[in-house]
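Report on the structure
So you can see what is in the structure, the chains are spelled out below.
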Amino acid sequence: GESVGLHLPTLSVQEGDNSIINCAYSNSASDYFIWYKQESGKGPQFIIDIRSNMDKRQGQRVTVLLNKTVKHLSLQIAATQPGDSAVYFCAVIEEDNYGQNFVFGPGTRLSVLP
Amino acid sequence: EPEVTQTPSHQVTQMGQEVILRCVPISNHLYFYWYRQILGQKVEFLVSFYNNEISEKSEIFDDQFSVERPDGSNFTLKIRSTKLEDSAMYFCASSFKPEQYFGPGTRLTVT
């Protein structure tokens, strides 16, 4: 089955700097990927998604990059703010006609330093 | 903005007891999910539900677990005979594809 890992469990960045959070997955047939943000005591919050037919997608201050060759996914946060402090994790999704099978990475805790 | 709601926010139960965790998904969503997150660990998929039946389930979702959508709004997770290791946050989610919206979670503590 699919397994999802993360390169770094914690990341500290200075306010205003860019953050890069990484994820690796094992199943080359995975076709959909999502980054979530989870603040303490809350449920995961959708940030941005990307399908396997793309290699880059941009949102507001966030960019997701997908490298299917090495099965690697990254989330870039521009001009990191204190409100960005949270655990970020990727989800790798395999879809069929009946639904979606989600496999989550373990998460990276982002701390934004003043 | 519509949101997924879950009740209760915290449930304490004794080992061997049955618990029912309740969720109200977003009204026009078609796909429903339950996840759990043991303290300090990653989110784990339990089950997905579509068209009034289970579409996918994980190895965690054994015979002790069941899901129901008893009416047009609620989506429930039942654990028949709780074990200590069932203690976790349980998240409900719903989607109309592709975005999946999570509820705030129910913290289940089994003593």
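About the thresholds
- Residues numbered from 1 in each chain as written.
- Chains lettered and ligands numbered in written order.
- Predicted model: local features only at pLDDT ≥ 70, side-chain atom pairs only at ≥ 80, totals over all residues.
- Heavy atoms only, no water.
- Contact = heavy atoms within 4.5 Å.
- Buried area = accessible area lost by both parts, 1.4 Å probe.
- Salt bridge = Lys/Arg side-chain N within 4 Å of Asp/Glu carboxyl O.
- Polar contact = N/O pair within 3.5 Å; in protein donor to acceptor, adjacent residues only side chain to side chain.
- Helix = DSSP H or I, 4+ residues; strand = E, 2+ residues; numbered from the N terminus.
- Nonpolar A, V, L, I, M, F, W, Y, C, P; charged D, E, K, R; others polar.
- pLDDT = per-residue confidence, 0-100.
- Pairing = 2+ DSSP bridges.
- Axes fitted to C-alpha atoms, helices over the stretch in contact; angles between N-to-C directions.
- Core = buried A, V, L, I, M, F, W, Y, C linked by side-chain atoms within 4.5 Å.
- Buried < 20%, exposed > 50% of the residue type's maximum accessible area, 1.4 Å probe, protein only.
- Disulfide = S-S within 2.5 Å.

**Considering the interface of chain B and chain A**
- In this assembly, 20 residues from chain B lie in contact with 24 residues from chain A.
- Here chain B and chain A share an interface that buries about 1,700 Å² over both sides, 54% of which is from carbon and sulfur atoms.
- Linking chain B with chain A are zero salt bridges, by the criterion used here.
- For the pair chain B and chain A, the number of links is two residue pairs in polar contact (both at pLDDT 80 or more).
- Among the elements of the structure, β4 (31-37), β5 (43-50), β6 (53-57), β9 (88-95) and β10 (100-102) of chain B are those that each provide at least two residues to the side of chain B that touches chain A.
- Of the residues assigned to the side of chain B that touches chain A, the class counts are 10 nonpolar, six polar and four charged.

**Thoughts on the confidence of the model for chain A**
- For chain A, per-residue confidence averages 89 on the pLDDT scale, and residues scoring 70 or more make up 92% of the total.
- The least confident element of chain A is strand β10 (residues 99-104) of chain A, whose mean pLDDT is 74; the most confident is strand β7 (residues 62-67) of chain A, at 97.

**Comments concerning the sheet that holds strand β7 (residues 65-68) of chain B**
All names here are of chain B.
- Here four strands make up an open sheet; going across it, the order is β1-β3-β8-β7 and the pairing antiparallel. Unpaired on one side and paired on the other, β1 (5-7) and β7 mark the two borders of the sheet. Geometrically, the sheet is characterised by an average inter-axis angle of 20 degrees between neighbouring strands, direction not taken into account.
- Both strand β3 (residues 19-24) and strand β8 (residues 75-79) contribute to a ladder of five bridges, which runs antiparallel. Paired with Ile20 across the strands is Lys78, a residue of β8.

**Focus on the nonpolar core**
- Among the nonpolar cores identified, the biggest contains 23 residues, and Val4, Phe33, Trp35, Leu73, Leu75, Tyr88 and Leu110 of chain A are the most heavily contacted of them.
- Every element with two or more residues in this core is listed here: β2 (10-14), β3 (19-25), β4 (32-38), β5 (45-51), β7, β8 (72-77), β9 (86-96) and β11 (108-113) of chain A.
- In terms of residue count, β9 of chain A provides more of this core than any other element does, four residues in total.
- The residues contacting Val4 of chain A, other than those within four sequence positions of it, are Cys23, Ala24, Tyr25, Cys90, Val92, Val103, Phe104, Gly105 and Pro106 of chain A together with Lys42 of chain B.
- Formed by 21 residues, the second largest nonpolar core is a distinct cluster that contains Leu21, Phe32, Leu108 and Val110 of chain B.

**Examining the state of the cysteines**
All names here are of chain A.
- Within this structure, the stated rule accounts for two disulfides over all chains.
- The disulfide bridge from Cys23 ends at Cys90, spanning 1.6 Å between sulfur atoms. Taken as a pair, Cys23 in strand β3 and Cys90 in strand β9 lie far apart in primary sequence, 67 residues in all. As far as burial versus exposure is concerned, Cys23 and Cys90 are alike and both buried.

**Here we look at the pairing of β8 of chain B**
Residues and elements named next belong to chain B.
- Counting buried positions along β8 gives four out of five residues, so the element sits mostly inside the fold.
- Summarising the sheet, β7 and β8 pair through four bridges and their orientation is antiparallel. Residue pairing across strands places Ser66 opposite Lys78, the latter belonging to β8.
- Here β7 folds back onto β8 in antiparallel fashion, the turn holding six residues.

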